[in-house]
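Summary of the model geometry
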Amino acid sequence: MELTYMKVGDYYIPNLILDDQPDKPLGRYGRMRQKFLEDHHPGTYNRLMLSGKLWTHLADTDTACQERLDTLISAMAKREGVTEALKASDQMAWVGRMNNIRNRAEEIILHELVYAL
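Residues numbered from 1 in each chain as written. Predicted model: local features only at pLDDT ≥ 70, side-chain atom pairs only at ≥ 80, totals over all residues. Heavy atoms only, no water.

Here the focus is the nonpolar core. Ranked by internal contacts, the top residues of the largest apolar core, which has 17 residues, are Y29, V82, M98 and I101. Of all elements in the fold, only α1 (28-40), α3 (54-80) and α5 (91-114) reach the threshold of two or more residues within this core. It is α5 that provides the largest number of residues to this core, a total of seven residues. What V82 contacts, discounting residues up to four positions off in sequence, is A77, W94, R97, M98 and I101. (Core = buried A, V, L, I, M, F, W, Y, C linked by side-chain atoms within 4.5 Å. Buried < 20%, exposed > 50% of the residue type's maximum accessible area, 1.4 Å probe, protein only. Helix = DSSP H or I, 4+ residues; strand = E, 2+ residues; numbered from the N terminus. Contact = heavy atoms within 4.5 Å.)

Have a look at this one:
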C-alpha cells in the first residue's frame with residue numbers, strides 16, 4: 001500500500017480518497033443516524049468514514065428502519081383493531097389511531113436503531 005502526501009504549510013497530509021459512493025440518496029433515518037454519530041460518537045463516525053463503510057452503514061440503517069417501521073405499524077394496527085372497516089365507517093378516528101400507532105412505532109425505531117450504538 002503506497003501513500004502519497006501533500007505539503008500544506010509545514011505539514012505533510014496524506015492524500016486520502018474515498019471509494020465511489022452510490023448515487024442513491026440517504027433516507028430520513030440514515031441522515032438522522034449520521035448526525036447522531038457525528039455529534040455523539042465522532043470516533044465511530046471517523047472510523048467508518050476512513051474505512052469507506054460509512055455510506056453502507058447509513059444505507060443499511062435506513063433500510064432496516066423502514067422495514068421495521070412497516071412491520072411494527074401493521075402489527076400494532078392489527079392488534080388494536082384498526083381495520084379498513086373502521087376507515088370506511090369513521091375516517092377521522094382511523095386517521096387519529098393510525099397517527100398514534102405511527103408515532104409510537106417511530107419512537108421505538110429511533111430508540112432501537114438510530115440512536116443505539
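That shown, we press on.
A word on empty space enclosed by the protein. Over the atoms a probe the size of a water molecule is rolled, and this reveals where empty space is left. What the rule picks out here adds up to one cavity of 30 Å³ or more. Taken as a whole, the largest cavity encloses approximately 40 Å³ of empty space. Every residue along the wall of the largest cavity is listed here: K24, P25, L26, G27, W55, A59, D62 and T63. Class assignment for the residues of the lining of the largest cavity results in four nonpolar, two polar and two charged. (1 Å grid on protein atoms, 1.4 Å probe; cavity = no way out; pocket = protein on both sides within 12 Å on 5 of 7 lines; lining within 4 Å. Points joined across faces, edges and corners; volume = space filled by probe spheres on them. Nonpolar A, V, L, I, M, F, W, Y, C, P; charged D, E, K, R; others polar.)

A few words now on the side chain of E106. Mapped onto the secondary structure, E106 falls in helix α5. When residues no more than four places from it in sequence are discounted, the contact partners of E106 are R28, Y29 and L69.

We now examine the packing of aromatic side chains. Evaluation of the coordinates by the stated rule reveals one aromatic pair. The lysine or arginine in question, K87, covers the ring of W94, its NZ or CZ lying 4.7 Å from the ring centre. (Phe/Tyr/Trp six-rings, centres within 6.5 Å; stacked < 30°, edge-to-face > 60°. Lys NZ or Arg CZ within 6 Å of the ring centre and 35° of its normal.)

Now for the side chain of R33. Mapped onto the elements, R33 comes out in helix α1. Although R33 is buried, it forms no salt bridge, and the closest oppositely charged side chain is D60 at an N-O distance of 11 Å. A distance of 3.2 Å separates a polar atom in the side chain of R33 from a polar atom in the side chain of H57. (Lys, Arg positive; Asp, Glu negative; His and termini not counted. Salt bridge = Lys/Arg side-chain N within 4 Å of Asp/Glu carboxyl O. Polar contact = N/O pair within 3.5 Å; in protein donor to acceptor, adjacent residues only side chain to side chain.)

To continue, consider the pattern of salt bridges. One pass over the full model with this rule turns up four salt bridges. With a closest N to O distance of 3.5 Å, D39 and K35 form a salt bridge. In this pair, D39 and K35 are both assigned in helix α1, four residues apart and thus about one turn of the helix distant. With relative accessibility at 45%, the residue D39 sits in the partly exposed group. R104 serves as the salt-bridge partner of E80, at 2.7 Å between the closest nitrogen and oxygen. Here the residue E80 occupies a position in helix α3, and R104 occupies one in helix α5, the gap between them amounting to 24 residues. Of the residues examined, E80 reaches a relative accessible area of 29% and is grouped as partly exposed.

Before going further, it helps to spend a moment on the environment of M98. Relative to the helices and strands, M98 is located in helix α5. Remark: the alpha-carbon pair of M98 and V82, spanning 16 residues in sequence, is separated by 7.5 Å. Among all residues touching M98, those that are not within four sequence positions of it are I73, A77 and V82.

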